[in-house]
Amino acid sequence: MPRLAERVVTIRFPQVDPAGIVFYPRYFEMIFRHFADVPFAGTPTAIKTQFLKPNRLGDQISIAVDADSKSGGWSVTGRMNGNDCFSMRPLETHSELAADAHRQNAVAFITEPEVVGEWSSGRTGCMQLSRYFELLNQAIEEWFEATLDVPFNELHVERKVGIPTVQFNTRVRRLPAVGESVSIWLRPVKIGDRSMTFKSWLVSNEECLVENEQVVVFVQMLDDGFESIRIPDYIRGSFEAQLQETGSRD
């Protein structure tokens, strides 16, 4: 596959979260900043994103965009010291949304409606993809707080439990325009020993604009990093109850 472009970027302080690793919307910002014509810049689009190795302040990442105009294939890969840090590729299938997508009896949590502001839009007047992921991250925090009755800062800072994302499967029909009212609907679809998979939908006026399937892992944050842990019982029980209540069979 022909190499379209390559760029070495340095991770700066505004790009990392309190755990000291890159906040995942920043990867999308880096890509759009340095590669304006990246293959998934337009919509509709379907992207599989994998976060393979956390990046920290000061890391230098070589980001490469490969595209084949004949086959329509493409990839975006971030590498450091010869190892892949993250990758983005088209989803293998562009199937329609699940039959029970964003139906109230099949979701566990719905955020309050929010009007898309100009601060979140690009030159097209629509929400930027990175801003969508920021909105999603906020919704996930609200969902965890409502579900566990534990403020997210207590979970993250005092109990030192983190939930880094390792994979997204994102289908974007379109991104909302400035002035549209949107909300995010969420439900768990699979709970493993150390990871959880959940789906979310960005909804405007009963129309699903974005569907996202996300896999997170549970970690204990340490002074020098973090280590994978089993999902704590007080977290597992609450989300397993939601799994049963929503009848998820993914």
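Heads up: these notes are all about the structure in this document. (Residues numbered from 1 in each chain as written. Predicted model: local features only at pLDDT ≥ 70, side-chain atom pairs only at ≥ 80, totals over all residues. Heavy atoms only, no water.)

So, about the pairing of strand 3 (residues 60-67). Of all eight residues in strand 3, six are buried; the element is thus mostly enclosed. Pairing of strand 1 (residues 3-10) with strand 3, which is carried by seven bridges, proceeds in the antiparallel orientation. Residue pairing across strands places Ala5 opposite Val65, the latter belonging to strand 3. (Buried < 20%, exposed > 50% of the residue type's maximum accessible area, 1.4 Å probe, protein only. Helix = DSSP H or I, 4+ residues; strand = E, 2+ residues; numbered from the N terminus. Pairing = 2+ DSSP bridges.)

Counting 61 residues, the largest nonpolar core has Phe40, Val76, Phe86, Met88, Phe144 and Phe218 as its most contacted members. For this core, the element with the most residues is helix 2 (residues 129-148), which contributes 10 residues. With residues up to four places along the chain from it excluded, the contact list for Met88 reads Tyr27, Phe28, Ile31, Phe40, Ile47, Lys48, Thr49, Trp74, Ser75 and Val76. Judged by nonpolar contacts, the second largest core, of five residues, contains Val107, Trp201, Val203 and Cys208. (Core = buried A, V, L, I, M, F, W, Y, C linked by side-chain atoms within 4.5 Å. Contact = heavy atoms within 4.5 Å.)

Structurally, Glu114 can be placed in strand 7 (residues 114-115). By relative accessible area, Glu114 is classed as partly exposed at 32%. Linking Glu114 and Leu135, residues 21 residues apart in sequence, is a C-alpha distance of 9.7 Å. Excluding residues that lie within four positions of it along the chain, Glu114 makes contacts with Leu135, Gln138, Glu180, Ser181 and Val182.

Moving on: the packing of aromatic side chains. A full pass over the atoms with the stated rule returns 17 aromatic pairs. Judged by centre distance (4.7 Å) and plane angle (50°), the rings of Tyr27 and Phe86 are tilted. Pair noted here: Tyr27 is in helix 1 (residues 25-34) and Phe86 is in strand 5 (residues 83-90), with a separation of 59 residues, a long-range link. In this structure, Tyr27 and Phe86 share a single accessibility class: buried. Seen from their ring centres, Phe133 and Phe168 are 4.8 Å apart, and the 25° between their planes marks the pair as stacked. Of this pair, Phe133 sits in helix 2 while Phe168 sits in strand 9 (residues 165-172); the two residues are 35 residues apart in sequence, bridging distant segments of the chain. Judged by relative accessible area, Phe133 falls into the buried class, the value being 1%. Aromatic ring contacts, followed pair by pair, group Phe23, Tyr24, Tyr27, Phe28, Phe51, Phe86, Tyr132, Phe133 and Phe168 into a single cluster. (Phe/Tyr/Trp six-rings, centres within 6.5 Å; stacked < 30°, edge-to-face > 60°.)

What follows concerns the packing of helix 2 against helix 4 (residues 233-246). Put simply, helix 2 and helix 4 touch, their axes get as near as 10 Å, and they point 100° apart. Put simply, helix 2 runs roughly perpendicular to helix 4. Across the interface between the two elements, Trp143, Phe144, Thr147 and Leu148 of helix 2 pack against Tyr234, Ile235, Ser238, Phe239 and Gln242 of helix 4. Looking at side-chain class alone, the contact of helix 2 with helix 4 contains six nonpolar, three polar and no charged residues. (Axes fitted to C-alpha atoms, helices over the stretch in contact; angles between N-to-C directions. Parallel < 35°, antiparallel > 145°, perpendicular 65-115°, else oblique. Nonpolar A, V, L, I, M, F, W, Y, C, P; charged D, E, K, R; others polar.)

This part is about the sheet that holds strand 14 (residues 225-228). If you trace the three strands from one edge of the open sheet to the other, you get 8-13-14, paired in antiparallel fashion. What marks the edges here is a single partner per strand, and that holds for strand 8 (161-162) and strand 14. Judged from the two bridges that link them, strand 8 and strand 13 (residues 219-222) form a sheet pairing that is antiparallel. By the bridge assignment for strand 13, Gly162 is matched with Val219.

Let us look at the layout of surface pockets. There is about 730 Å³ of room inside the largest pocket. Along the wall of the largest pocket there are 36 residues; nearest its centre are Asp17, Ile21, Ile163, Pro164 and Thr165. Contributing elements (two or more residues each) for the lining of the largest pocket: helix 1, helix 2, helix 3 (152-158), strand 9, strand 12 (207-217), strand 13 and strand 14. Top element by residues in the lining of the largest pocket is helix 3. It accounts for four residues. Here the lining of the largest pocket is composed, by residue class, of 24 nonpolar, eight polar and four charged. As for the second largest pocket, its lining consists of 20 residues, and the residues nearest its centre are Phe32, Ala41, Thr124, Gln128 and Leu129. Sorting the residues of the lining of the second largest pocket by element identifies helix 1 and helix 2 as the ones contributing at least two each. Considering each element in turn, the lining of the second largest pocket owes the most residues, four residues, to helix 1. (1 Å grid on protein atoms, 1.4 Å probe; cavity = no way out; pocket = protein on both sides within 12 Å on 5 of 7 lines; lining within 4 Å. Points joined across faces, edges and corners; volume = space filled by probe spheres on them.)

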